[in-house]
2 protein chains.
Amino acid sequence: MPVGLSDNDLERVDELIGARRRVARGMPLYLTGESFQSLYAIRTGFFKTEVISEDGREQVTGFQMAGELMGLDGIGTGQHNCDARALEDSEVCVIPFNRLSELSREIDTLQHHFHKVMSREIVRDQAVMMLLGTMRAEERLAAFLVNMSQRFASRGYSATEFNLRMTREEIGSYLGLKLETVSRGLSRLQEEGLLTVQNKNIRIHKLDELKRAMSPRC
Amino acid sequence: MPVGLSDNDLERVDELIGARRRVARGMPLYLTGESFQSLYAIRTGFFKTEVISEDGREQVTGFQMAGELMGLDGIGTGQHNCDARALEDSEVCVIPFNRLSELSREIDTLQHHFHKVMSREIVRDQAVMMLLGTMRAEERLAAFLVNMSQRFASRGYSATEFNLRMTREEIGSYLGLKLETVSRGLSRLQEEGLLTVQNKNIRIHKLDELKRAMSPRC
DNA sequence: CCTGCGCATTGATCACCGTCAATAATGAGC
DNA sequence: GCTCATTATTGACGGTGATCAATGCGCAGG
C-alpha cells in the first residue's frame, strides 16, 4: 500500500503480509471480543463493521471495500471491538500487527503511512458523526450514495452505476434510520429523477444534484 | 503518559514535550485547515472539538479533559480537520509530531502506547456513532452524564457532583439534539429524582438508575 | 415449475423531537 | 448595584421519521 519505498524496503513490506484469507459471504472476519492479532487489508470483496452494545443495539459503523484496512479498533484493548462481516465472498491479506510494528520502526515511510491511515479513520468517523448528528433522512441517503459513488470511481468502476452489497436494513443501521425510511428515501430520489433504483442496483443520473441534496432544503 | 519506561527513556520522552501553551476560555487551540505540526496533551482545563461542514453545519465531536490527547485528526492530511476550543482557561503540552515519530521508532513502549491511544480514539468515535444512531434523546443524555461522571471519577473528582463546562447547545450538538431537548431531558431526569440540575452543576443521586436510563424504556 | 423465505415497497398512524416563542435566570462589565 | 447579553427553561404546535401492517418481488431449492 505505501508508495515511495526503495526496492529493498518494498520486499520487506511484502514479506510483512502474512497469509491470505478467504471469507465467504455472511461469514465473520472477526468478532467482538476475539483477541486482536492482525490487521486485514481487503484484496477483493466487501465488508461491513458493526458494533453491538451491551443492551443489544446494533450499529453498522462502516462499509469497507478493496484496498481498505480493517481491525484498527483492536489495537487499544488487544481485543476486537466490533464485528467484521463479509457482504460478498471476499479475500483479505492478513497483516500481523507485531510485524507491522517492528517494521514501521525501521521504515519511516511505513510508519508515516500507518499513522496517516489511522488518522484518516478518525476523520472519517467524525464525518459520520456529523451525518448522524445534523442531517435529515434524505440528506443522509444522498451523502451515502455520493460516498459510494466516489469510492467506486476511485477504484476504476463507474461513479454512476453500481450495485450495493448491503440490505436496506444495513444502510439504515449505518445512517441511523429504519429500513422503511431508507426505502422511502430512495423512492423519493427516484421520483425526483436523480437516480434509478432497482433493488440493489443504483443508476445515478444527476450526480451534481445528488450532491446538492446532501445540503438542507433548497 | 506512558508507563513502564526505563529512567533513561523517561528522560527522553520528557524532552519530547515542547513548550506549554495556555489557552484562554473561548479561544481556539487550533482551527480547521491550519497546518498540523503537533499533538496536544491537556494539562489542565477543558476543551471541545468541533467539525464544520462545507454547508456550514457544526457538530461537536467530543469534549476533552486533563490527560487527553488532541490533534490526531491532523496526521492524515497534514492539516487540522476540526476546531479545538477551550471551554475554560486551560493549559496544554505541545508535542511536536516529528519528534514523537522519531522517538517512537526507538522506544517500543512509546510506539505501542501511541498506537493504543489512536485506536481507542477510533473505538470512542464508534461508541458515539452508536449513541447518535440508535438512542433516543433521554438515553443519549443519560449516556453523556454517565460518561462525564466516569471521567471525572477517574481523575479523582466526585462521580456524582460536577460542573459541566459546556452550554446546553454544545451538549445538544454533541448528542445530535437541539438545546431545548437537552434542557427538557435534564428537567425530566430531575423530576424522576435521578439527579439535581442547577445550571451547569449536576448532582447525581441515583447513578445506577441513570445507567439504566441509557437503555430502552424500562 | 412452484414453493417459500428474505428483502423491498408502500400506506396509515403516531410519537418524538424540532421549531417558534415567551420568559426567566445568570453572569460579565460598567 | 444595575444593565445587557448570554444561557436556560418551559409551553404550544407541527413535521419528520418510527411503527405497524399488508403486499409485492426475486431468488434459491425442491
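Higher on the page you've got the structure.
Quick notes on the rules
Residues numbered from 1 in each chain as written. Chains lettered and ligands numbered in written order. Predicted model: local features only at pLDDT ≥ 70, side-chain atom pairs only at ≥ 80, totals over all residues. Heavy atoms only, no water. Helix = DSSP H or I, 4+ residues; strand = E, 2+ residues; numbered from the N terminus. Buried < 20%, exposed > 50% of the residue type's maximum accessible area, 1.4 Å probe, protein only. Near = heavy atom within 4 Å. Polar contact = N/O pair within 3.5 Å; in protein donor to acceptor, adjacent residues only side chain to side chain. Axes fitted to C-alpha atoms, helices over the stretch in contact; angles between N-to-C directions. Parallel < 35°, antiparallel > 145°, perpendicular 65-115°, else oblique. Left-handed = near helix turned anticlockwise from the far one by under 90°. Contact = heavy atoms within 4.5 Å. Salt bridge = Lys/Arg side-chain N within 4 Å of Asp/Glu carboxyl O. Core = buried A, V, L, I, M, F, W, Y, C linked by side-chain atoms within 4.5 Å. Phe/Tyr/Trp six-rings, centres within 6.5 Å; stacked < 30°, edge-to-face > 60°. Nonpolar A, V, L, I, M, F, W, Y, C, P; charged D, E, K, R; others polar. Pairing = 2+ DSSP bridges.

### With respect to unusual backbone geometry
All names here are of chain A.
Here's step 1: A positive phi angle is found at Asn199, which is not glycine, with a value near 60 degrees.
Here's step 2: When you line up the elements, Asn199 lands in the loop between strand 8 (195-198) and strand 9 (201-204).
Here's step 3: Taking the relative accessible area as the measure of exposure, Asn199 reaches 63% and is therefore exposed.

### Quick word on the protein's contact with DNA strand C
Here's step 1: Taken together, 18 residues surround DNA strand C, and among them A:Ser183, A:Ser187, B:Ala137, B:Thr181 and B:Asn199 come closest.
Here's step 2: Backbone atoms, meaning sugar plus phosphate, form 69% of the atoms of DNA strand C positioned within 4 Å of the protein.
Here's step 3: Within the backbone of B:Lys178, one N or O atom sits 3.4 Å away from a phosphate oxygen of DNA strand C.
Here's step 4: At the level of elements, helix 6 (179-191) of chain A together with helix 6 (179-191) of chain B are the ones that each hand at least two residues to the surface near DNA strand C.

### A few points about the packing of helix 3 (residues 108-134) of chain A against helix 2 (residues 97-106) of chain B
Each packed pair of helices is defined by two parameters, the angle between the axes and the distance between the axes.
Here's step 1: Viewed as axis vectors pointing N to C, helix 3 of chain A and helix 2 of chain B meet at an angle of 120 degrees, and their least axial separation amounts to 11 Å. Our classification of the angle between helix 3 of chain A and helix 2 of chain B gives oblique. The handedness of the crossing between helix 3 of chain A and helix 2 of chain B is right-handed. Residues A:Asp108, A:Gln111, A:His112 and A:His115 of helix 3 of chain A lie in contact with helix 2 of chain B, whose contacting residues are B:Phe97, B:Ser101, B:Ser104 and B:Arg105.

### Some thoughts on the pattern of salt bridges
Here's step 1: Summed over the entire model, instances satisfying the criterion amount to 31 salt bridges over all chains.
Here's step 2: Of the charged contacts in the structure, one is a salt bridge between B:Glu170 and B:Lys48, with a shortest N-O distance of 2.9 Å. Residue B:Glu170 is located in helix 5 (residues 168-175), and its partner B:Lys48 is located in strand 3 (residues 38-52); the two are separated by 122 residues in the primary sequence. Of the two residues, B:Glu170 and B:Lys48, both sit in the buried class.
Here's step 3: Between B:Asp125 and B:Arg124 there is a salt bridge, with its nearest N and O atoms 3.1 Å apart.
Here's step 4: Judged by relative accessible area, B:Asp125 falls into the buried class, the value being 0%.
Here's step 5: Residues participating in the shared-partner salt-bridge network are A:Lys48, A:Glu50 and A:Glu170.

### A look at the nonpolar core
Here's step 1: Ranked by internal contacts, the top residues of the largest apolar core, which has 70 residues, are A:Phe144 and B:Phe144.
Here's step 2: Setting aside its immediate chain neighbours within four residues, A:Phe144 contacts A:Phe63, A:Leu164, A:Met166, A:Ile171, A:Tyr174 and A:Leu175.
Here's step 3: Grouped together as the second largest cluster of nonpolar side chains are 38 residues, A:Leu110, B:Ala41, B:Ile95 and B:Phe97 included.

### Considerations on the packing of aromatic side chains
Residue and element names in this part refer to chain B.
Here's step 1: All chains considered together, the criterion is met by 18 aromatic pairs over all chains.
Here's step 2: Ring geometry for Phe152 against Phe162: centres 4.9 Å apart, planes inclined by 25 degrees, an arrangement best described as stacked. Of the two residues, Phe152 is situated in helix 4 (residues 137-154) and Phe162 in strand 7 (residues 161-163); the sequence distance between them amounts to 10 residues. Take Phe152 and Phe162: they sit in the same class, and that class is buried.

### Some words on the protein's contact with DNA strand D
Here's step 1: What surrounds DNA strand D is a group of 18 residues, the closest being A:Ala137, A:Thr181, B:Arg168, B:Ser183 and B:Ser187.
Here's step 2: Of all DNA strand D atoms lying within 4 Å of any protein atom, the proportion belonging to sugar or phosphate reaches 68%.
Here's step 3: A:Arg184 places a polar side-chain atom, nitrogen or oxygen, 2.9 Å from a base oxygen of DNA strand D.
Here's step 4: Looking at the surface near DNA strand D, the elements that each hand over two or more residues are helix 6 of chain A together with helix 6 of chain B.
Here's step 5: The element contributing the most residues to the surface near DNA strand D is helix 6 of chain B, with 5 residues.
Here's step 6: Counted by class, the surface near DNA strand D contains 3 nonpolar, 7 polar and 8 charged residues.

### Looking at the environment of B:Ile204
Residues and elements named next belong to chain B.
Here's step 1: The topology assignment puts Ile204 in strand 9 (residues 201-204).
Here's step 2: Spatially, the C-alpha atoms of Ile204 and Thr167 are 18 Å apart, while their sequence positions differ by 37 residues.
Here's step 3: With near-sequence residues (within four places) excluded, Ile204 lies in contact with Ser149, Ala159, Thr160, Phe162, Leu194, Leu195 and Leu210.

### Comments concerning the sheet that holds strand 7 of chain B
Residues and elements named next belong to chain B.
Here's step 1: Strand order in the open sheet made by the 3 strands is 7-9-8, with antiparallel pairing throughout. At either end of the open sheet lies a strand with only one pairing partner, and these are strand 7 and strand 8 (195-198). Mean inter-strand twist for the sheet, computed between neighbouring axes without regard to direction, equals 15 degrees.
Here's step 2: Bridge analysis of strand 7 against strand 9 gives 3 bridges, and the strand direction is antiparallel. Bridge pairing in strand 9 places Asn163 opposite Asn201.
Here's step 3: Running over the sheet, helix 4 touches strand 7, strand 8 and strand 9 and is turned about 100 degrees from strand 7.

### Points about the sheet that holds strand 9 of chain A
Residues and elements named next belong to chain A.
Here's step 1: In spatial order, the strands read 7-9-8; together these 3 strands make up an open sheet with antiparallel pairing. Of all the strands in the sheet, the pair left with one neighbour each is strand 7 (161-163) and strand 8. Within this sheet the neighbouring strands show an average axis-to-axis angle of 15 degrees, counted without direction.
Here's step 2: The strands that helix 4 (residues 137-154) touches are strand 7, strand 8 and strand 9; relative to strand 7, the one it contacts most, it runs at about 100 degrees.

These values are about where atoms sit, not about what they do.
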